[in-house]
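# Overview (structure and organization)
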Amino acid sequence: IKKRKLNKKIKIVMINNGFQARKNIKIALRAFKEFNKNFPNSKLTLYGHFMERHNICFKWAKKNNLAKSVIFYGFLPQENLMKILPKFDILLHTALEETFGNIFIESMIRGVPVIAGKNSGAAPEVIRGYGLLVDVTDIKQIINGLNKYTLDPKFWSKIRDKAYKNAKKKYNHKNIAKKYLLLYKKTLRNKF
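Our subject in this report is the structure included herewith. Quick caveat, the model's predicted, so the values are computed rather than measured.

### Looking at the pattern of salt bridges
Applying the stated rule across the entire model yields four salt bridges. One salt bridge in this structure joins K165 and D161, with 3.1 Å as the shortest N-O distance. Residue K165 and its partner D161 are both found in helix α7 (residues 153-170); the two are separated by four residues, about one turn of the helix. Residue classification places K165 among the exposed residues on the basis of a relative accessible area of 53%. Relative accessible area serves as the criterion here: at 26%, D161 is assigned to the partly exposed category.

Structure, rendered in structure tokens:
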């Protein structure tokens, strides 16, 4: 990852495919509004289906006065998303439930510290020690997570570096492929 510093123009990204209740985007927008009061140069960018301007997420945010400093981008192909991800400072992932969550690994390997739910399925297993885990049903905890990174650039940098090294080692595609092959061989031996 390229060395960089956290500046006062905090760029937060959320990547969600859908605006369902379990994605918990409404509470994230409320938390960002409060965070943005103290960091008025900060921006939140939303990627994913239904996140584009004039779609349901935008309409709801506009109706609830939560669209200020929010960029409603919408769907972006995976390869394009991975190219722009390193331009962001924080990945905010407020889903109430999450499977393995490739976006966590993709963020870590690109040097983008993560905030995710401490009770959100597999998120704690992937994030623990390499990002921040908060109660994503509590606006104050989400804001505290954003503040922790923003007010302590050394901590942000430390997590960024630590998460990158962990993802590179633990989730290296060659290591994962070897593990899959060993499991297949073991399964095939036991089957016959």
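Back to the write-up after that little detour.
### Details of the packing of helix α1 (residues 25-38) against helix α2 (residues 56-63)
Look at α1 against α2: their axes get within 11 Å of each other, and the N-to-C directions meet at 45 degrees. Classified by the angle their axes make, α1 and α2 are oblique. Where α1 crosses over α2, the two elements pack in a sense that is right-handed. Contacts between α1 and α2 involve I25, K26, L29 and R30 on the former and, on the latter, C57, W60 and A61. Of the residues assigned to the contact of α1 with α2, the class counts are five nonpolar, no polar and two charged.

### Section: the pairing of strand β3 (residues 70-74)
With burial as the criterion, only one face of β3 is covered, namely that bearing V70, F72 and G74; the residues I71 and Y73 on the opposite face remain uncovered. As defined by bridge partners, strand β2 (residues 43-47) adjoins β3 across four bridges and the pair is classed as parallel. Within the sheet, the bridge partner assigned to T45 lies in β3 and is I71.

### Overview of the sheet that holds strand β5 (residues 114-117)
Spatially, β3-β2-β1-β4-β5-β6 is the arrangement adopted by the six strands of the open sheet, whose pairing is parallel. Each edge of the open sheet is held by one strand with a lone partner, namely β3 and β6 (132-134). Averaged over all pairs of adjacent strands, the angle between their axes in this sheet comes to 25 degrees, without regard to strand direction. Strand contacts of helix α4 (residues 102-109): β1 (11-15), β4 (90-93) and β5, with the helix running at about 170 degrees to β4, the strand carrying the most contacts.

Criteria and cut-off values
Residues numbered from 1 in each chain as written. Predicted model: local features only at pLDDT ≥ 70, side-chain atom pairs only at ≥ 80, totals over all residues. Heavy atoms only, no water. Salt bridge = Lys/Arg side-chain N within 4 Å of Asp/Glu carboxyl O. Helix = DSSP H or I, 4+ residues; strand = E, 2+ residues; numbered from the N terminus. Buried < 20%, exposed > 50% of the residue type's maximum accessible area, 1.4 Å probe, protein only. Axes fitted to C-alpha atoms, helices over the stretch in contact; angles between N-to-C directions. Parallel < 35°, antiparallel > 145°, perpendicular 65-115°, else oblique. Left-handed = near helix turned anticlockwise from the far one by under 90°. Contact = heavy atoms within 4.5 Å. Nonpolar A, V, L, I, M, F, W, Y, C, P; charged D, E, K, R; others polar. Pairing = 2+ DSSP bridges.

Geometric descriptors of this kind do not, in isolation, establish any biological role.
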